[in-house]
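Residues per chain are reported as follows:
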Amino acid sequence: MNRQALGIHHITAIAADPQRNLDFYAGLLGLRFVKRTVNFDDPSTYHFYFGDEQGAPGTILTFFPWPGARRGRVGPGQVGATAFAVPAGSLDFWRDRLRGQGVRPADEGSRFGEAVISFEDPDGLRLELIAAAWAGGVAGWQDGPVPAAMAVRGFHSVTLWVRDDGPTASVLTGPLGFEPAGSEAMRHRFTAVAPGVGGTVDLLVVPTELAGSSGAGTVHHVAWRAADDAGQLELRTAVLRHGLDPTPVIDRTYFHSIYFREPGGVLFEIATDNPGFAIDEPAAHLGEKLMLPEQFEGDRAALEALLPPLVVPGALSRAEVLS
């Protein structure tokens, strides 16, 4: 039997304004800006990575911020919502923090016994905060802009919109090795072998929704975790046997990747945990400089002149965090 996916590795979305995107995720949501690089397939634009203090798999939300990108629309075959886990009892803090910055959270009530609030980022990307009992056992970023006791703990789950849950569920429970974990109305939940950070995926059946379109405010792809290269190759073999068409392994510097589109239309990636984000800069200084893969290093001066300047929201001092 093939090795199983360990949950979400990262989620990659599209934004329209780099600075606005940076302000929202590193400032308001308090995620660490763990890597600034370029889109390896389009080096004229940035590729941002946000996550926990170490940039651990299961916490990474990445963006292609294309200046002036048109707004997309979510529909079947796309990610309907990206959910972060926060500690139980922290949602009142988050409601106040979001409202204080002009973001309007909506109370979604309880889902599978956990309280949920939803909101959108400046591009309309649908986000959720879910108060998870297990989140209290995961350390928050001590020196981030949000008090560690309230801070985001990585992904809770991702919700995929599908017209028919069967074909997508067969991929999750087949080659990827997720387990069914219950249903609520038209929502069907699946969990990885290691539940917790990034360990959950929901399928929401939306048969009457209009077709979506890619653009700012939509997710480009979801990446699932493979522990190592050998595990990734086993998963790739399982995907092939399921009748799908994965790419060869591609070196993304910080992880190795394969891609395939599942039957419901969502673009899936399988990414390795290693080498990780500290391969080209110290862990204490992640995200502070523009990091380029070797093939673009010779073009650094031209790329730095082309890419818009950035101001990274500053982390609070320890005294400010505790006040």
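So, here's what we can say about the structure. (Residues numbered from 1 in each chain as written. Predicted model: local features only at pLDDT ≥ 70, side-chain atom pairs only at ≥ 80, totals over all residues. Heavy atoms only, no water.)

1. Quick look at the overall build of the protein chain
Here is the rule we go by: Segments assigned H or I by DSSP are reported as helices when at least four residues long, segments assigned E as strands when at least two residues long, and all are numbered from the N terminus. Radius of gyration: over C-alpha atoms. The globule rule applied is 2.2 Å multiplied by the number of residues raised to the 0.38 power. The rule is simple: take the accessible area with a 1.4 Å probe, protein chains only, and divide by the maximum for that residue type; under 20% is buried, over 50% is exposed, in between is partly exposed. The contact definition used throughout considers only heavy atoms, calling two residues in contact when any of these lie within 4.5 Å. Using the Shrake-Rupley algorithm and a 1.4 Å probe, accessible areas are obtained, with residue cover drawn only from the displayed protein chains. The charge count includes Lys and Arg as positive and Asp and Glu as negative, but it does not include His or the ends of the chains. For the purpose of locating charges, the reference atoms are NZ of Lys, CZ of Arg, CG of Asp and CD of Glu.
The helix and strand tally for the protein chain stands at seven helices and 16 strands. Against the 2.2 N^0.38 benchmark of 20 Å for 323 residues, the protein chain shows a C-alpha radius of gyration of 19 Å, consistent with a compact globule. Relative to its 323 residues, the protein chain shows a buried fraction of 55%. By sequence separation, contacts in the protein chain at least 24 residues apart represent 68% of the contacts at least 6 residues apart. Carbon and sulfur atoms make up 53% of the accessible area of the protein chain, which totals about 13200 Å². One way to put it: in the protein chain the 26 positive side-chain charges average out to a point 3 Å from where the 38 negative ones average out.

2. Some words on the pairing of strand β5 (residues 78–87)
Quick reminder of the rule: When DSSP locates at least two bridges between a pair of strands, those strands are taken to pair.
Burial runs high along β5: ten of the ten residues are buried. Sheet topology note: the β5/strand β9 (residues 155–162) ladder contains six bridges and is antiparallel. Looking across to β9, one finds that Thr82 is bridged to Val158. Sheet analysis places β5 next to strand β8 (residues 126–132), joined by six bridges and oriented parallel. Residue pairing for β8: Pro87 is matched across the bridge by Ala132.

3. A short note on helix α3 (residues 165–173)
Under the convention used in this document: Arc definition: it is the arc formed by the directions from the helix axis to the C-beta atoms. We define a polar contact as two N or O atoms separated by no more than 3.5 Å, with the added condition that, inside protein, one atom must be a possible hydrogen donor and the other a possible acceptor, whereas residues neighbouring each other in sequence contribute only through side-chain atom pairs.
The set of residues buried in α3 consists of Thr168, Ala169, Val171 and Leu172. The arc that holds the buried residues of α3, viewed along the axis, is 155 degrees, so those residues lie on one side. At its buried positions, α3 is contacted by β9, β11 (187–191), β12 (200–205), β13 (219–226), β15 (255–261) and β16 (267–275). Where α3 begins, the side chain of Asp164 points an oxygen toward the backbone nitrogen of Gly166, at a separation of 3.0 Å.

4. Section: the sheet that holds strand β6 (residues 106–111)
Quick reminder of the rule: Fitted lines through C-alpha atoms serve as axes, helices being fitted only where they are in contact, and the angles separating the N-to-C directions of these axes extend from 0 to 180 degrees.
Strand order across the open sheet formed by eight strands is β6-β7-β8-β5-β9-β12-β11-β10, with mixed pairing between neighbours. Only two strands of the sheet have a single neighbouring strand rather than two, namely β6 and β10 (179–184). On average, adjacent strands in this sheet sit at an angle of 25 degrees to one another, irrespective of strand direction. Pairing of β11 with β12 involves five bridges; the strand directions are antiparallel. Bridged to His188 within β12 is Leu203. Taken strand by strand, α3 contacts β9, β10, β11 and β12, and its axis lies near 165 degrees from that of β12.

5. Observations concerning the pattern of salt bridges
Selection criterion: Any carboxyl oxygen of Asp or Glu within 4 Å of a side-chain nitrogen of Lys or Arg constitutes a salt bridge here.
By the definition in use, this model includes 15 salt bridges. The partner of Arg3 in a salt bridge is Asp228, and the shortest N-O contact between them spans 2.9 Å. In this pair, Arg3 is assigned in the segment before β1 (8–15) and Asp228 in the loop between β13 and α4 (229–241), connecting sequence segments 225 residues apart. For Arg95, the salt bridge is made with Asp92, and the minimal N-O distance between the two is 2.7 Å. One end of the pair, Arg95, and the other, Asp92, are both in helix α2 (residues 91–100), three residues apart, so they sit about a helical turn from each other. We classify Arg95 as buried; its relative accessible area is 16%. What makes Asp92 exposed here is its relative accessible area of 52%. Through salt bridges with shared partners, a single ionic network connects Glu114, Arg187, Arg189 and Asp202.

6. Thoughts on the packing of aromatic side chains
Any pair of aromatic rings gets described here by the distance separating the centres and the angle formed by the planes. We apply this condition: Working definition: rings of Phe, Tyr and Trp (its six-membered ring) pair if their centres are within 6.5 Å, and the pair is stacked with planes under 30 degrees apart, edge-to-face with planes over 60 apart, and tilted otherwise.
This model, assessed by the stated rule, comprises 17 aromatic pairs. Between the aromatic rings of Phe93 and Trp94, the centroid separation amounts to 5.4 Å while the plane-to-plane angle is 85 degrees, which identifies the pairing as edge-to-face. Using a relative accessible area of 0% as the deciding quantity, one classes Trp94 as buried. An aromatic cluster is present here, built from Phe24, Tyr25, Phe33, Tyr46, Phe48, Phe50 and Phe63 joined pairwise through their rings.

7. Brief notes about the pairing of β11
Counting buried positions over the five residues of β11 gives five, a clear majority of the element. Of the two faces of β11, both are covered, the one formed by Arg187, Arg189 and Thr191 as well as the one formed by His188 and Phe190. In sequence, β10 turns back onto β11 through a hairpin of two residues, with Ala185 there showing a positive phi of about 55 degrees.

8. Some thoughts on the nonpolar core
As a reminder, the rule being used: The set of buried Ala, Val, Leu, Ile, Met, Phe, Trp, Tyr and Cys residues whose side-chain atoms join them within 4.5 Å is what this entry labels a nonpolar core.
Among the nonpolar cores identified, the biggest contains 67 residues, and Tyr25, Leu29 and Trp224 are the most heavily contacted of them. Here this core takes five residues from helix α1 (residues 18–28), the largest share from any one element. Setting aside anything within four residues of it in sequence, one finds Leu29 in contact with Phe24, Phe84, Trp94, Leu98, Phe119, Leu127, Val146 and Val152. With ten residues, the next largest nonpolar core counts Tyr49, Phe255, Phe277 and Met291 among its residues.

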